[in-house]
Amino acid sequence: MPETRLRRVSIQRFLPAFKFLAVALCASALLLPGAQAAKKEKPAAAKSAVAKKAKAPAETKQRNASASKVARGGRAEQADKVVRGGRNVVATIHKKNGKTVVAVQRRSVVRVETPARQSFGQMAGLHSTDDALDLKSSVALVIDQDTHEVLFSKNDHAVLPIASLTKLMTGLLISEAHLPNDELITITQDDVDTEKGSRSRLTVGTTLSRGELLHLALMSSENRAAHALGRTYPGGLTTFVSIMNAKARMLGMKDTRYVEPTGLSSRNQSSAQDLALLVNAAYSDATVRSLSTSPEYQVEVGNRVLQFNTTNRLVKSPEWDIGLQKTGYISEAGQCLVMQAKVAGRKLIMVFLDSAGKFSRIADAERVRRWVEATHAVSGPRGFQVAG
């Protein structure tokens, strides 16, 4: 009896521990499958999210393509090929209802123009000078060649680059040197323009006579021709440029400086007053008069015949009687023109420098001619004498 009672007491002692253990086992059995399922679902959910993100742009593109094709009245279909025809044309090729359809799209191009480079005259503010004739040239001078009367002037003492008006001095010196006109001269790499990169049809190796090169330099303002004439002058180019400056001083051209014989350098500079002196001197040379007013000229280069034309269209105009002329242009100098012409019974020397606009120097000359005819025409014996 005592032994049985003792065993019953021991079992009751451990009964709470057994109950706790049973509850723990039941809880584990219920929670463990859910946790394992959650672990398996997390990677699947992550993969699903990535797939949705990757799929979204493709679906968006497909919807946009479909909408675009529906807008064109067609059925949404996949493009077979995209072809680019240049930078601004794209062609899309696809199948539609069993037929091949090509859709061409042109993209608009926005061109940004670089501002034109200002001339020396523009930078100096010379274009703000008003004048009675409203000329586009910032510098102008009109003189009666016989009486030296100044009929019109505008900034005539301003010293500016003169571009190819330089060739008038080049041509005068070559003519006065009386070098053999039939002597052959070959264009070399030294004659190629490295100042402005201008082009020429007289390629390196072209051989022409001195007379032909002089004709092209004065009539058509050929840069390589002018440079070759100076390069082959007795003593070479350096000597020739020195003689150019010496001749300018002899003529009283106090504001003039030459550094090369073409005018491509903006360091070749002069004033309207000085250039009027040069025109007067050059007009006394029959060769310079004839070649500078020649309307056109042909030269044989190998098996080809090259046609050259005057740079001054007024030479061919029946309204003008031009005895000498020369044009010039570089961006630093603007459009330039010098002429000797008979207008309204007068022998006039005209100088136009730094004109703004491709044809403005010609328009300025026309304005002056009409103005002289209207207000400064010569009447009486002097007029008849000049006309004869």
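The rules behind each value
- Residues numbered from 1 in each chain as written.
- Predicted model: local features only at pLDDT ≥ 70, side-chain atom pairs only at ≥ 80, totals over all residues.
- Heavy atoms only, no water.
- Core = buried A, V, L, I, M, F, W, Y, C linked by side-chain atoms within 4.5 Å.
- Buried < 20%, exposed > 50% of the residue type's maximum accessible area, 1.4 Å probe, protein only.
- Helix = DSSP H or I, 4+ residues; strand = E, 2+ residues; numbered from the N terminus.
- Contact = heavy atoms within 4.5 Å.
- Pairing = 2+ DSSP bridges.
- Salt bridge = Lys/Arg side-chain N within 4 Å of Asp/Glu carboxyl O.
- Axes fitted to C-alpha atoms, helices over the stretch in contact; angles between N-to-C directions.

Draft legend 1. Just the nonpolar core, in detail. In this structure, Leu-213 and Val-351 are the most contacted members of the largest nonpolar core, which totals 57 residues. Examining the composition of this core, we find that 8 residues originate from one element, helix α7 (residues 272-283), more than from any other. The residues touching Val-351, leaving out its near neighbours within four places in the chain, are Val-139, Ala-140, Leu-141, Ala-272, Leu-275, Ala-276, Leu-337 and Val-338.

Draft legend 2. Focus on the environment of Met-244. Mapped onto the elements of the fold, Met-244 is located in helix α6 (residues 236-250). For the pair formed by Met-244 and Arg-257, sequence separation is 13 residues and the distance between their alpha carbons is 8.5 Å.

Draft legend 3. Structural detail: the pairing of strand β13 (residues 334-343). Of all 10 residues that make up β13, 9 are buried, and the element is covered over most of its length. As paired strands, strand β12 (residues 322-330) and β13 are joined by 8 bridges and run antiparallel to one another. If you follow Ile-322 over to β13, its bridge partner there is Ala-341. Remark: 3 residues form the turn of the hairpin made by β12 and β13, two consecutive strands paired antiparallel. By the bridge criterion, 8 bridges tie β13 to strand β14 (residues 346-355) in an arrangement that is antiparallel. Bridge pairing links Met-339 to Met-350 in β14.

Draft legend 4. A look at helix α4 (residues 210-219). Counting buried residues along α4, 9 of its 10 residues qualify, which places the element largely inside the surrounding structure. Here α4 has its buried residues at Arg-210, Glu-212, Leu-213, Leu-214, His-215, Leu-216, Ala-217, Leu-218 and Met-219. Where α4 ends, the next residue or the one after it, Ser-221, has phi of about 55°, a positive value.

Draft legend 5. Inspection of unusual backbone geometry at higher detail. Positioned with a positive phi, Asp-134 is a non-glycine residue whose angle comes to about 55°. The topology assignment puts Asp-134 in the loop between α2 (120-123) and β4 (137-144). Notably, Asp-354 is not glycine yet its phi reads approximately 55°, a positive angle. Note on placement: Asp-354 falls in strand β14. Overall, the relative accessible area of 1% leaves Asp-354 in the buried class.

Draft legend 6. Spotlight on the pattern of salt bridges. Counting across every chain of the model gives 13 salt bridges. Here Arg-117 makes a salt bridge to Glu-332, at a shortest N to O gap of 3.7 Å. With Arg-117 in the loop between β3 (99-106) and α2 and Glu-332 in the loop between β12 and β13, the pair connects residues that are 215 residues apart, well separated along the chain. When its relative accessible area of 5% is taken as the criterion, Glu-332 is described as buried.

Draft legend 7. Seen up close, the sheet that holds β14. As summarised here, the arrangement of the 5 strands in space is β5-β4-β14-β13-β12, forming an open sheet in which the pairing is antiparallel. This sheet does not close on itself; its edge strands, each paired only once, are β5 (150-154) and β12. On average, adjacent strands in this sheet sit at an angle of 10° to one another, irrespective of strand direction. Alignment of β4 against β14, held across 7 bridges, turns out to be antiparallel. Note that in β14 the partner of Asp-144 across the bridge is Leu-348. The sheet contacts of helix α9 (residues 360-375) involve β4, β5, β12, β13 and β14, and relative to β13 the element is tilted by about 30°.

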